[in-house]
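Read off the chains here:
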Amino acid sequence: MTKRIRRKSRHNGKSTIQLKWRLYYVQQKQGFGAYKKKSDRQLKEGGSMKIGIIGAGRVGCSIGRYMKEKGARLAGYYDVDSAAAKEAAEFTKTEIFGSLCHLAENSEIIFITTPDSYIIPVWNELKKLSLKDQIICHCSGALSSDSFSGSEHMEVSCCSIHPMLPFSNRFSSFEQLNNAFFTVEGQEHAVKVISELFRSFGNEICCIDGAKKAKYHAAASILSNQVIAVLDMGYSLLEECGFSRDDAVCATAQLVRRNIENVISSGCSKALTGPIERGDVQTVQKHISCLDEQDVKLYKLLGKKLVKIAENKNPDKDYKEMEDLLDD
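Criteria and thresholds
- Residues numbered from 1 in each chain as written.
- Predicted model: local features only at pLDDT ≥ 70, side-chain atom pairs only at ≥ 80, totals over all residues.
- Heavy atoms only, no water.
- Helix = DSSP H or I, 4+ residues; strand = E, 2+ residues; numbered from the N terminus.
- Buried < 20%, exposed > 50% of the residue type's maximum accessible area, 1.4 Å probe, protein only.
- Contact = heavy atoms within 4.5 Å.
- Areas by Shrake-Rupley, 256 points an atom, 1.4 Å probe, with all protein chains shown as cover.
- Core = buried A, V, L, I, M, F, W, Y, C linked by side-chain atoms within 4.5 Å.
- Pairing = 2+ DSSP bridges.
- Axes fitted to C-alpha atoms, helices over the stretch in contact; angles between N-to-C directions.
- Salt bridge = Lys/Arg side-chain N within 4 Å of Asp/Glu carboxyl O.

Things to note about the overall build of the protein
Looking only at helices and strands, the protein has 14 helices and eight strands in total. In the protein, which comprises 328 residues, the share counted as buried stands at 39%. The contacts of the protein with a sequence gap of at least 6 include a subset with a gap of at least 24, amounting to 56%. When the accessible surface of the protein is summed, it comes to about 19,500 Å², and 52% of that surface belongs to carbon and sulfur atoms.

Encoded structure:
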């Protein structure tokens, strides 16, 4: 039975009641303990738990260095590529582990930062080990914590966490994590501990539904990767007009930058300008007539999306003629 202990304090001559929970000390001695009995204070102490990382690529190096600089207890790395593990360990001033078993024995939280196709195979190997009271977390944007099949029957808690950030370099991307927004989903205990860990670093965290992880990742890919395809299309058209690629990028830098800034500050509807928003059918027709077949398809597809945004911006304006042109 949990007992409350009364103690008088003479602070400023006044008597106060200090409550201590004997259960808290029992749990501290026993280790990580039963999940449902943990105090809020313990849930916020993920930073005091030893962290091991499986995968020494761009994500693993970046997350590891970031956590280490924030004061987390980073134990070290395991990777099938021992040279990569050595580089990551040297980069973070931590240890190299020669096996999954060795890393698991020296970790209370395990991050899997491998490419997506390796997450389930790594988990299948981890399941063979004793993982009692540990937290397992992968960093895939597309896969949910359902990847950890069978974890519900083990004394382990699992989740996934993903930063809205492209990792372009193993040894410099960690610097951008200070301003990164993270999403997390999974089993309640793991989500609480990992969320509090990154919030303690100063990051914003959003909990999402694991069943919508693929749609979430599709959104992130459109906003990050597929924007590049649209930019490349525009640059290529300028090259056909006589620009060099470098000149095309330089000449439109302010246009691109200001447009993105306007979207971020004011939203898509207010940021939208141009012939489709104005309802200028003749100009749009000229655009279509000078593009090749493949570019016309993309132009029309994106144009129809823009019509929907324009209708939201200008509800009293008739875009029927524009819609017919883009549907043709």
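A closer look at the nonpolar core
Ranked by size, the top nonpolar core spans 36 residues in total, and within it Met67, Phe111, Ile161 and Phe198 carry the most contacts. The residues contacting Ile161, other than those within four sequence positions of it, are Phe111, Cys137, His138, Cys139, Ser140, Phe182, Thr183, Val184, Ile194, Phe198 and Ile205. Counting 18 residues, the second largest nonpolar core, distinct from the first, contains Ile54, Ile110, Leu126 and Val156.

What about the sheet that holds strand S8 (residues 204–207)?
Taking strand neighbours across the sheet as the criterion, the eight strands line up as S3-S2-S1-S4-S5-S6-S7-S8 in an open arrangement whose pairing is mixed. Two strands bound the open sheet, and with one partner strand each, they are strand S3 (95–96) and S8. Relative to the sheet, helix H6 (residues 116–126) contacts strand S1 (50–54), strand S4 (109–112), strand S5 (134–138) and strand S6 (156–163), its axis offset from that of S4 by approximately 150°. Here helix H8 (residues 213–240) sits on the sheet in contact with S5, S6 and strand S7 (181–186), set at roughly 20° to S6.

Points about the environment of Glu155
Relative to the helices and strands, Glu155 resides in the loop between S5 and S6. Taking the C-alpha atoms as reference points, Glu155 and Ser130, separated by 25 residues in sequence, lie 9.2 Å from one another.

Examining the pairing of S6
Counted residue by residue, S6 has eight buried out of eight residues, so it is predominantly covered. By the alternation rule, side chains of S6 split into Val156, Cys158, Ser160 and His162 and Ser157, Cys159, Ile161 and Pro163, which are all buried. Pairing analysis gives five bridges linking S5 to S6, with the strands arranged parallel. Bridge pairing in S6 places Ile135 opposite Ser157.

Describing the pattern of salt bridges
Counted according to the given criterion, the structure contains twelve salt bridges. The salt bridge partner of Glu239 is Arg245, with a shortest N-O separation of 3.1 Å.

Treat this as a map of the structure, not an account of what it does.
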